[in-house]
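Letter by letter, the chains look like this.
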Amino acid sequence: MRYLLIINLLLIAHITGVVAQNDFRIMFYNVENLFDPHDDPLKEDDDFLPDGFMRWTPWKYWEKLRNITRVITAVGGMQSPALVGLCEVENDSVLFDLTKRSPLRTQEYDYIITDSPDDRGIDVALLYQRHQFRPLQTTEYEIRFSRKNIRPTRNILHVTGEVINGDTLDVLVCHFPSRSGGQRETEPARIETATLLKRKTDSLFTLRENTHIIIMGDFNDHPNNKSLSQILDAKSLQSPLWRNRLYNLFYHRLKEPEFGSFKYQGKWDILDQFIVSGNLLMKESSIHVKNNEAHVFKADFLLEDDERYYGKKPYRTNVGPRYIGGFSDHLPVYMDLNLTLEHP
């Protein structure tokens, strides 16, 4: 009887086509001050010059690029991530060096970067592998604050592209205004940024019936802070599931004491996050989040002993002006998509 069932299934597969699934990895990484050692007279980059406060020499710069390559390769495992969101990247030439002149060049990435009004000149960017993702449209959204005393911030990058099964994916890369100056004092800037992001995602839900939205970034807020939980209205995975709503893949992990991508005063925080549309959480969708989960990449080589508090902390490139040769003050986060492929 079992053999008869197998034969029948094989006949059905032959007639209707074989359905396979392809893993499509996406990562996000705040690379912490990826500056080149050249002066940009229009930006506040003087600290990152060879004679500046950080003594940022060409050797340190190229070592930083090699370290970022090591992280991206490690997150990819046996194959490189299809998409890599980055923040704290200075300019186009830095990404050219990373993707075309560093060891990462063997992984065949192209890139898209914003041109933000941020005073320091840092931007957000998206690396993509041409054989896995084909950009169709690129837009960046500038945040214009209502208060004149708020410093300009990073633009939001929006890339619409086609994945290998023909579906359309809307990817938004963010770096919300920092908490420098205090969480409460700086919250209005993040609320205004989230308001713009909410307006853009609402328009995408109206534009397409099956909208596949992935928002990734360093939000400088936790999943339950007002900017994300109320203004953007990104729900926990424990909430009812609707196609045209946003869900934060890390919201339900807030109570885990050792979970996070950034450590501040001995406490791990969830600042780097993935937020997705509900359609990507439904198993019957042709493109969906694998196991409805995302991860923090907490490899040993990215950590060092936290001598002031306890346990481990991210292994940084610099501590103040002192170069220690690490990676970043943030850990990368990643998630996988299952793409359903039908073969005739």
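For clarity, every value in this text was computed on a predicted model and none was experimentally measured.

1. What to know about a negative patch on the surface
Together, Asp39, Asp46, Asp47 and Asp51 make up a region of like negative charge exposed at the surface. Looking at the secondary structure, you find Asp47 in the loop between strand S1 (18-34) and helix H2 (58-76).

2. Concerning the nonpolar core
In terms of nonpolar packing, the biggest core is built from 71 residues, with Phe24, Leu127, Phe133, Leu169, Phe274, Met335 and Leu337 touching the most fellow members. It is S1 that provides the largest number of residues to this core, a total of seven residues. Residues within four places of Met335 in sequence aside, it is in contact with Phe24, Arg25, Ile26, Ile214, Leu249, Phe274, Val276, Val289, Glu293 and Ala294.

3. Notes on the packing of H2 against helix H3 (residues 92-101)
It is the contact of H2 with H3, at a shortest axis distance of 10 Å, that shows an interaxial angle of 60°. The angle between H2 and H3 places the two elements in the oblique class. Relative to H3, H2 is oriented so that their crossing is right-handed. Of the residues in H3, those in contact with Tyr61, Trp62, Leu65, Ile68 and Thr69 of H2 are Ser93, Val94, Asp97, Leu98 and Arg101. Of the residues assigned to the contact of H2 with H3, the class counts are six nonpolar, two polar and two charged.

4. Some remarks on the sheet that holds strand S9 (residues 234-235)
Ordered by their spatial adjacency, seven strands build an open sheet running S5-S6-S7-S8-S13-S10-S9, and the pairing between neighbours is mixed. Bordering the open sheet on either side are strand S5 (133-141) and S9, each of which pairs with just one other strand. Pairing of strand S6 (residues 156-163) with strand S7 (residues 168-175), which is carried by six bridges, proceeds in the antiparallel orientation. Each residue of the ladder has a partner; that of Leu157, found in S7, is Val173.

5. Quick word on the layout of surface pockets
Counted as a void, the largest pocket has a volume near 1000 Å³. Forming the walls of the largest pocket are 35 residues, and the residues nearest its centre are Pro177, Ser178, Arg179, Ser180 and Asn220. Only S1, helix H4 (183-207) and strand S11 (262-264) provide two or more residues apiece to the lining of the largest pocket. Residue contributions to the lining of the largest pocket peak at five residues, all from H4. For the second largest pocket, the calculated volume is near 540 Å³. In terms of lining, the second largest pocket is formed by 18 residues, of which the most central are Lys263, Asp306, Tyr309, Lys313 and Arg316. Examining the composition of the lining of the second largest pocket, we find that three residues originate from one element, S11, more than from any other.

6. Details of the side chain of Asp218
Mapped onto the elements, Asp218 comes out in strand S8 (residues 213-218). Beyond its immediate sequence surroundings of up to four residues, Asp218 is in contact with Phe28, Asn30, Cys87, Cys174, His175, Phe176, Leu271, Asp272 and His330.

7. A closer look at H4
The terminal C-alpha atoms of H4 lie 35 Å apart, and with 25 residues this matches the ideal 36 Å at 1.5 Å per residue to within 8%. By the largest-angle criterion, Ala189 marks the main kink of H4, which is about 25°.

Rules behind the numbers
Residues numbered from 1 in each chain as written. Predicted model: local features only at pLDDT ≥ 70, side-chain atom pairs only at ≥ 80, totals over all residues. Heavy atoms only, no water. Patch = residues over 30% accessible without salt bridge, like charges linked within 9 Å, V, L, I, M, F, W, Y side chains within 5 Å. Areas by Shrake-Rupley, 256 points an atom, 1.4 Å probe, with all protein chains shown as cover. Salt bridge = Lys/Arg side-chain N within 4 Å of Asp/Glu carboxyl O. Lys, Arg positive; Asp, Glu negative; His and termini not counted. Charge placed at Lys NZ, Arg CZ, Asp CG, Glu CD. Helix = DSSP H or I, 4+ residues; strand = E, 2+ residues; numbered from the N terminus. Core = buried A, V, L, I, M, F, W, Y, C linked by side-chain atoms within 4.5 Å. Buried < 20%, exposed > 50% of the residue type's maximum accessible area, 1.4 Å probe, protein only. Contact = heavy atoms within 4.5 Å. Axes fitted to C-alpha atoms, helices over the stretch in contact; angles between N-to-C directions. Parallel < 35°, antiparallel > 145°, perpendicular 65-115°, else oblique. Left-handed = near helix turned anticlockwise from the far one by under 90°. Nonpolar A, V, L, I, M, F, W, Y, C, P; charged D, E, K, R; others polar. Pairing = 2+ DSSP bridges. 1 Å grid on protein atoms, 1.4 Å probe; cavity = no way out; pocket = protein on both sides within 12 Å on 5 of 7 lines; lining within 4 Å. Points joined across faces, edges and corners; volume = space filled by probe spheres on them. Expected span 1.5 Å × (residues − 1). Bend = angle between axes of the 7 residues up to and from the residue.

It is worth stressing that arrangement in space is one thing and function is another; only the former is reported here.
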